[in-house]
Amino acid sequence: MKKTGKMIFIGLALAFLYLPILVLAVYSFTKSTNIGAIRGFSMHNYVTLFSTPELVNMITGTIALALGASALATILGTVGAIGSFYSKKRTAAMLNTLNQIPVVNADVVTGFSICILLVVVLGISKDTFIPLVAGHVTLCAPFVFLSVIPKLKQMDSSIYEAALDLGATPFTALTRVVIPQIMPGIVSGFALSVTLSLDDYFVATYTKPATFDTISTYVVNATKGAQTNIKTALWALSTVIFVCVVLLVLIMNIRSHRAERRGS
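Conventions we followed
- Residues numbered from 1 in each chain as written.
- Predicted model: local features only at pLDDT ≥ 70, side-chain atom pairs only at ≥ 80, totals over all residues.
- Heavy atoms only, no water.
- Helix = DSSP H or I, 4+ residues; strand = E, 2+ residues; numbered from the N terminus.
- Buried < 20%, exposed > 50% of the residue type's maximum accessible area, 1.4 Å probe, protein only.
- Axes fitted to C-alpha atoms, helices over the stretch in contact; angles between N-to-C directions.
- Parallel < 35°, antiparallel > 145°, perpendicular 65-115°, else oblique.
- Left-handed = near helix turned anticlockwise from the far one by under 90°.
- Contact = heavy atoms within 4.5 Å.
- Nonpolar A, V, L, I, M, F, W, Y, C, P; charged D, E, K, R; others polar.

A word on the overall build of the chain
Part 1 of the reasoning: Secondary structure assignment for the chain yields 11 helices and 0 strands.
Part 2 of the reasoning: Traced from its N-terminal end to its C-terminal end, the chain shows the element sequence α-α-α-α-α-α-α-α-α-α-α.
Part 3 of the reasoning: Seen through its C-alpha atoms, the chain measures out along the principal axes to roughly 70 × 60 × 35 Å.
Part 4 of the reasoning: With 264 residues in all, the chain has 31% of them scored as buried.

See below:
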């Protein structure tokens, strides 16, 4: 009975998480304009998604923002994690505590604070994209920090000193010894940053230029009166994003499994 109850609970949880996405995926391949009766198979939504300049620009702009901000966040988060790991206990504890604040803090507070600091206080125009990129880096970097720290703790802390004793410079020891050891955490942090950037709405709302839309801000605005073909094309966009995420997770898990088998 306990086993059956666990299976039922897991099944309900998975259905709650994935059934809405699967419904959108099914309707993205139909002629239906509303969730309800299915009106036949069609690829019209996907044609609209990849042939409408407005949608293509929105998607490419969002991806470019996610990759660029995630790269910066990965560098800052990794440097911060390494610095915290090799610092004294009090300094490391302070850095860990400070890193927790953006994680726990609400996104709307982060976005509004970045807007006030950069746009109002420093006078940086939103049209420069600096506030938007800074907001996304601030949002993502703490999660990179949290992804890298466990890998540093799993690593033998003496190998850095050993590399120095063998004649390596601090930079060489860092790049040739430490970073390869923590690379899985860096990759995980980068992937998580891309996901967070693509998903973000509040930070982008407060910091983006008026003529620029990310996927999240565009979808929210589209529900307030966009054309029907645009709304249904967003069903196709949701399906494409879901499939890409599933493939990425599978590839990462397969590579991790193969690396473990080689190591053993």
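Some remarks on the packing of helix H3 (residues 53–85) against helix H8 (residues 170–199)
When two helices pack together, their arrangement is captured by the angle between the axes and the distance separating the axes.
Part 1 of the reasoning: Put simply, H3 and H8 touch, their axes get as near as 8 Å, and they point 140° apart. By the angle between their axes, H3 is oblique relative to H8. Judged by the sense of rotation from one axis to the other, the crossing of H3 with H8 is right-handed. Contact residues: H3 offers Thr62, Leu65, Ala66, Leu67, Ser70, Ala71, Ala73, Thr74, Thr78 and Ile82, while H8 offers Leu174, Ile182, Ile186, Phe190, Ser193, Val194, Ser197 and Leu198.
Part 2 of the reasoning: Of the residues contributing to the contact of H3 with H8, the split by class is 12 nonpolar, 6 polar and no charged.

Regarding the side chain of Ser193
Part 1 of the reasoning: Within the secondary structure layout, Ser193 lies in helix H8.
Part 2 of the reasoning: By relative accessible area, which is 0% here, Ser193 ends up buried.
Part 3 of the reasoning: Those residues in contact with Ser193 that lie beyond four places of it in its chain are Ser70, Ala73, Cys140 and Val144.

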